[in-house]
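One-letter residues, chain by chain:
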Amino acid sequence: MMRKQILEKAYDPKLVEEKWSKFWLEEKLFAPQGPSSAKKFSMVLPPPNVTGSLHMGHALCFTLPDIITRWRRMQGFNTLWLPGTDHASIAVHNVIEQKLAEKGLTREKVGREEFLRIARDWKEKYGGVIINQLKKLGASLDWTRERFTLDEGYAKAVKHVFVELYKEGLIYRDYYLVNRCPHCGTVLSDIEIEHKERQAKLYYIKYPLLDSEENIVVATTRPETMLGDTAVAIHPDDNRYNKLLGQKILLPLVNRVIPVIADERVEREFGTGVVKVTPAHDPVDFELGRQHDLEQVIVIDGSGRMTEDAGEEFNGLDRFECREKIILRLKEEGLLEKIEDYQHAVGHCYRCQTIIEPHLSWQWFVKIAPLAKEAIKVVEEGKIEFIPSNWAKTYFEWMYNIHDWCISRQLWWGHRIPAWYCQNCEQVVVAMEAPSQCDGCQSTNFIQDEDVLDTWFSSALWPFVTMGWPEETEDLKTFYPTDLMATGFDIIFFWVARMIMMGLKFTGDIPFRHVFINGLVRDFKRRKMSKSEGNIVDPLEMIDKYGTDALRFTLAVLAIPGMDISLSEERMAGYRAFANKIWNASRFALMNLEDDMQEIKEEELTLADRWIRSRLVKIIQELDGALVQYKFYEAADKIYHFIWHEFCDWYIELVKPSLREGNKTSMAVLLDTLDQILKLLHPFMPFITEEIWQHLPTAGKSLVVASFPQTDEGVKDEKAEAEMKLLQDAIVEVRTIRAENRIPPKEKIDLWMKVSAGKEREMIQKHEVYFQTLANIRQIDIRDDFPKKKRLLKGISGSWEVAIPLEGDFGLEQEKQRLEREISKITLDIKKIESRLENENFLKKAPKAVIQEAKTRLRKLQNRKVKLEQSLEHTLSLI
Ligand SMILES: [Zn+2]
Ligand SMILES: [Zn+2]
C-alpha cells in the first residue's frame, strides 16, 4: 500500500525539528541496533561541563561526529555514540561560590556537606541545559546510556584506578612546591598556566654581611619573598664572589642569619650574579633548598596573604601590598640600591588570570613516565592516528617533556581522594573504603584526605568507564576500543593524551583509533569569537533563524581539516535556501507521482533518467570516499552541487515531458533518486530529510535506521553522461544568448544549429524536447550553413554552432547601443582585475585561492568580451 501525501507548501524547521527529535528519542533509534555480530562503530562524546551552555565550538564538535555516526549507522554498522557530562570541579565551584558570595557567605562558612548539597541541587536543576541543547542539534547520541563523571559507578571506577596506581607506586604523595591560584584557591597543573610577558621591576637589595661593614647586592622581581629567604647563592666558578663562601648574611627586616652557598644553577648573568634563595616560594630555589638542606619558611599562604612567619609587621598583608611595604622599609633602612625596568614571563591562572603563587604543600602525584612511554609508542606505531596528522607532532613534543602530574585539588566538588590518615600514628591508608582500624597502632581515629582529584583524572577514564569498566560488560566487549575521538586541539594534552595513557594502563588497549582535531570557529573576518569583541555567533540563535539543518550543513561545508572555520550568517542563509530548494523539488515530485508506482523498466529509460542514475552512483562513491577520510567539506559540497545543480536545476526540468506522457519508468526513477538523495543528505540535514522521506511511498520507520544507498556499477552510463553534457552545454549557450539579448524568458524562439557529425544530428533531434523545455525553443532547425545576410544571434558550444534568427521588428539600433554599453562596462571590469593581478603586494599577500579566483574571473570576462565584440560586428554588418 503506498502512502502519497502532499508536503506543506513551505518548510517550517521549528515544527519539523521538534516532531522528529521527539520521535527518534521515544523510539530509541540512537541505541545500537545490533546484531552484535555486525561490524561496529563506536564513539564517546567529549563530556561537556555541567556548567556549560552551547557555543559554536560545541556545535561543531557535535555536528561533525554526528555526520559520521549517522552515516555508519545507516551503513548497517552496530553503532554507539555514548553521551554524558563532566562534573567540572573548578567551574562548579566558581558558580556556587559566586552565589554564596552574593549572600555574604563562603564555602568555608557553609562547610563541605552543605556545599556539596547545594552543588548537587544546582546540578539537578541546571546541569541538563547543555543536554537539551545537544538534543536540539539532532546529535544521535544513545541517551539510554548517559553517564556523569560523578555518578555512582563512575566514582567506584575512579577509586579503583587510584588504589591500583597507588599500589603499583605510580601514585605518590609528596611535600612539594606546586602552582596555586590564590583566587580559585586550588592547585593548577603546569599546563593550566598561561605565561604572559609583563613589564615588571627588578629590585636591587643590599644584604649586609654578618661581622662586617660590607653589603652584597641581590636582584629580585619579588622582594616580598625575601622574608622567606634561607640562603644567598653564587655560581661556584664566579671569581667575583668566591671570597663570600663560608660567610653569613644578616637578612634585613627579618634579622635571620643565613648562609652563602654555591650552586651551578645560579645564573651569573642575572642581576649581580648573587641570588637570594627562597625554597618555599620559587621552583628553582625549592630544588636548591632540597639539595643544600635549607629550611623552607612559608611566608605567603595559599590565598596570597602573608603568614605569621613573615613577621608581625607584614602578617596578613596581601602579597602585592607587602611588596610595596617592603620597598618602603628597605628605602628607610638605606638598603635599596636601585630599581630597574624588567620584562619577563609571569604565570597566570588560565581560568581567572590571577598571577600564580608557587605554594609548598602536601600533594598527590601520578608518576607519568612509565605511562607516557606506552602512550608514545601507540601513536608512533600508527595504532592511534591524528587527523590532520601534524597534530601527532604536537602530541609527541608534549609527551617527551612530560612531568609528573599533580592530581590533588583543594576543592570539594569532585572525587575525594581515597586516602585516610591515622590521627594517632603516621599511617596512610589508600583503599576503596574507609579503614576501620589502623594496622600500626590499632587506632580507629582516621581522617580522609580533604582534597578532590583533578577533574581530568576522572575524564581520562571516560572511554572505558562509560562502558561499565571495571566490570566486564557486553558494551566493553562490543564497543571498546572506540573508533573515533573528535575534539579540540586545546585539550590534546589535558585529555586526549591522558585517555591514551589510562586506556592502555587499565584496558590494555587503545581507547580510540582516530583522533579528529576540529578547527576553531571564528567570525566571518577570521577573528576569534569573544565577548569583548561582541562577535559571538550563538548557535541557538542561528537555529532559531535558519533551522538546525542549515547550521549543521554550514559547519560541515566549512570544516576543512587543519583550517579554522570562518563563520558567516550569509552562508547559513544560503543553506536555509538550499533546504527550501530541496523542499520544493520534493513537493513537485510528490505531486507528480501516481498511486501505482512500478519497477524501473530498462527499455523505458530516457536519456535524462540514465544520466541522473549514473551521476547518482558516482556521487554515492564520492561521498563515501570523502567521509572515510573525514573530509566533511568535500562530502557536503558534492551532495550540495548534485542536489541543487543536477537534480533540481536539470533533472526535475528534463523529466517533466516524460511525466506529462505518463512514463512510469521515469516516475520510478524520479522517486528512487529522491529517495536516495534524502538518504545521502540525512547525516548532514537529518530533520528536513526525515520529514520529506516520511511522505514518500518508499518510506520506512525512520531514515535514522534506513539503509545508506549502495552503488551498482551496472547503472553507471558514461555514454548517457557524455551525451547529456553536450546537450546541457548547448542549452546553457542558448540561455546565455537569450539573457544577453534580453529576450524575455516567456517568448518562444526558433533555434538554428550547425552540427557536423550525423550521429549528433540524430541525438539532437531525438532530444529536441529538452531544448523546448529548458530553453523555451519552438523548434530546432539543423542546417549545414547559416546564411550570411540573415540577422542572427550566434553562439558556440563545443563543436556545435547555435544561432537565434531575429524577427523583423527586432531593434538593431537598440541592440548596437546595448552591446556598446556592455563592452565598455566589461572593459572597465577587466582593467580593474588586471591591475590587481599586476600589483605585487596583492600577489604576495593574497591567499592562492583568491588569486586563482581573480584569474578565472578575468578569463571569463575576456571570453565574454570577445563574444560581445563579435555580436557587435555582426549587428553593425546588418545596419
Ligand atoms: Zn584562578
Ligand atoms: Zn595508627
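You'll find the structure just up there.
Starting from 1, residues in each chain are numbered consecutively following that chain's sequence as written. For naming, the first written chain is A and the first written ligand is 1, with later ones following in the order written. Restriction of local features to residues with pLDDT of at least 70 applies here, the model being predicted, together with a cutoff of 80 or more for giving and counting side-chain atom pairs; totals for whole chains, interfaces and linings are based on all residues. Only heavy atoms go into the side-chain values, all of them from the structure, while hydrogens and water stay out.

Considering unusual backbone geometry
Then, in step 1: With an omega of 10°, the peptide bond running from Trp 469 to Pro 470 counts as cis.
Then, in step 2: Relative to the assigned elements, Pro 470 resides in the loop between α12 (462–465) and α13 (474–479).
Then, in step 3: For the peptide bond that leads from Tyr 480 to Pro 481, omega is -5°, which places it in the cis range.
Then, in step 4: Tracing the backbone shows Pro 481 in the loop between α13 and β22 (482–488).
Then, in step 5: Positive phi values are uncommon outside glycine, yet Leu 253 reaches one of about 65°.
Then, in step 6: Even without a glycine there, the phi angle at Tyr 630 is positive, about 60°.
Then, in step 7: Here a helix means four or more residues in a row that DSSP labels H or I, a strand means two or more in a row labelled E, and each is numbered from the N terminus. The topology assignment puts Tyr 630 in the loop between α18 (607–628) and α19 (632–654).
Then, in step 8: Classification of residues uses two cut-offs on accessible area relative to the type maximum, computed with a 1.4 Å probe and protein chains only: under 20% is buried, over 50% is exposed, and between them is partly exposed. Residue classification places Tyr 630 among the buried residues on the basis of a relative accessible area of 7%.

A look at the sheet that holds strand β19 (residues 428–430)
Then, in step 1: Strand order in the open sheet formed by 3 strands is β19-β18-β20, and the pairing between neighbours is antiparallel. Of all the strands in the sheet, just β19 and β20 (446–448) have a single pairing partner and so form its edges. Taken pair by pair, the neighbouring strands of this sheet meet at an average axis angle of 25°, ignoring direction.
Then, in step 2: A pair of strands counts as paired when DSSP detects no fewer than two bridges linking them. Taken together, the 3 bridges between strand β18 (residues 419–422) and β20 define a ladder with antiparallel strand orientation. Axis geometry follows a simple rule: fit a line to the C-alpha atoms, using only the stretch in contact for helices, then measure angles between N-to-C directions, giving values from 0 to 180 degrees.

Re the coordination of the zinc ion (ligand 1)
Then, in step 1: Donor criterion used throughout: N, O or S atom within 2.8 Å of the metal, extended to 3.2 Å for Na, K and Ca. Water excluded; incomplete-looking sites may result. Protein coordination of the zinc ion (ligand 1) is provided by Cys 181 (SG), Cys 184 (SG), Cys 349 (SG) and Cys 352 (SG), with donor distances spanning 2.2 to 2.4 Å.
Then, in step 2: Geometry assignment treats four donors as tetrahedral when all angles are between 85 and 135 degrees, treats four as square planar and six as octahedral when opposite donors are over 155 degrees apart and all others between 65 and 115, and treats everything else as irregular. Considering all 4 donor atoms around the zinc ion (ligand 1), the spread of angles at the metal, 103 to 114°, places the coordination shape in the tetrahedral class.
Then, in step 3: Counting gaps between the donor residues of the zinc ion (ligand 1) yields the pattern C-x2-C-x164-C-x2-C. Here Cys 184, found in the loop between β5 (171–181) and β6 (186–188), pairs with Cys 352, found in the loop between β13 (336–349) and β14 (357–366); they are 168 residues apart in sequence, far enough to count as distant.
Then, in step 4: Overall, the relative accessible area of 9% leaves Cys 184 in the buried class.

Here's the deal with empty space enclosed by the protein
Then, in step 1: Buriedness of a pocket was judged along seven lines, with at least five required to meet protein on both sides within 12 Å; pockets are open sets of points on a 1 Å grid over the protein atoms alone, cavities are sets where a 1.4 Å probe fits but cannot get out, and lining residues have an atom within 4 Å of a point. Grid points are joined across faces, edges and corners, and a volume is the space filled by probe spheres set on the points. All told, the structure shown has 2 cavities of 30 Å³ or more when counted by the stated rule.
Then, in step 2: Estimated volume of the largest cavity: approximately 50 Å³.
Then, in step 3: The wall of the largest cavity is formed by Leu 60, Leu 64, Phe 516, Ile 517, Asn 518, Gly 519, Ala 559, Ile 560, Pro 561, Gly 562, Met 563 and Ile 565.
Then, in step 4: Elements supplying a minimum of two residues to the lining of the largest cavity: α2 (56–74) and β23 (512–518).
Then, in step 5: Here the lining of the largest cavity takes 3 residues from β23, the largest share from any one element.
Then, in step 6: Residues are grouped as follows: Ala, Val, Leu, Ile, Met, Phe, Trp, Tyr, Cys and Pro are nonpolar; Asp, Glu, Lys and Arg are charged; every other residue, Gly included, is polar. Residues of the lining of the largest cavity, tallied by class, amount to 9 nonpolar, 3 polar and no charged.
Then, in step 7: Taken as a whole, the second largest cavity spans an internal volume of roughly 40 Å³.
Then, in step 8: Ser 21, Trp 24, Leu 25, Phe 30, Lys 135, Gly 138, Ala 139 and Trp 143 together form the lining of the second largest cavity.
Then, in step 9: A total of 3 residues in the lining of the second largest cavity trace back to one element, the largest contributor, which is helix α1 (residues 13–26).
Then, in step 10: Looking at the lining of the second largest cavity residue by residue, the class counts come to 5 nonpolar, 2 polar and 1 charged.

Details of helix α24 (residues 758–766)
In an α-helix, one turn spans 3.6 residues, which is why side chains three or four residues apart end up on the same side.
Then, in step 1: Regarding α24, the residues found buried are Glu 760, Met 763 and Ile 764. For α24, the buried positions fall inside an angular range of 100° around the axis, keeping them on one side. Residues Lys 759, Glu 762 and Lys 766 are exposed on α24 and point more than 90 degrees away from its buried face.
Then, in step 2: Summarising the contacts, the buried residues of α24 are in contact with α23 (718–740), β26 (749–754), α25 (768–775), β27 (777–783) and β29 (800–805). The arc in question is the one traced by the directions running from the helix axis out to the C-beta atoms. By definition in these notes, contact holds between two residues if any of their heavy atoms fall within 4.5 Å.

Observations concerning the pattern of salt bridges
Then, in step 1: Definition used for salt bridges: Asp or Glu carboxyl oxygen within 4 Å of a side-chain nitrogen of Lys or Arg. As enumerated under the stated definition, the model contains 55 salt bridges in all.
Then, in step 2: The closest approach of N and O atoms between Glu 224 and Arg 323, which form a salt bridge, is 2.9 Å. With Glu 224 in the loop between β8 (215–220) and β9 (231–234) and Arg 323 in helix α8 (residues 319–332), this pair connects stretches of sequence that are 99 residues apart. The pair Glu 224 / Arg 323 is uniform in exposure class, with both members buried.
Then, in step 3: Asp 729 is the salt-bridge partner of Lys 725, the closest N and O atoms lying 2.8 Å from each other. In this pair, Lys 725 and Asp 729 are both assigned in helix α23, 4 residues apart and thus about one turn of the helix distant.
Then, in step 4: Note on Lys 725: relative accessible area 46%, which makes it partly exposed.
Then, in step 5: When salt bridges with common partners are traced through the structure, they connect Arg 222, Glu 224, Arg 319, Arg 323 and Glu 357 into a single cluster.

Just distances and angles here, no functional claims.
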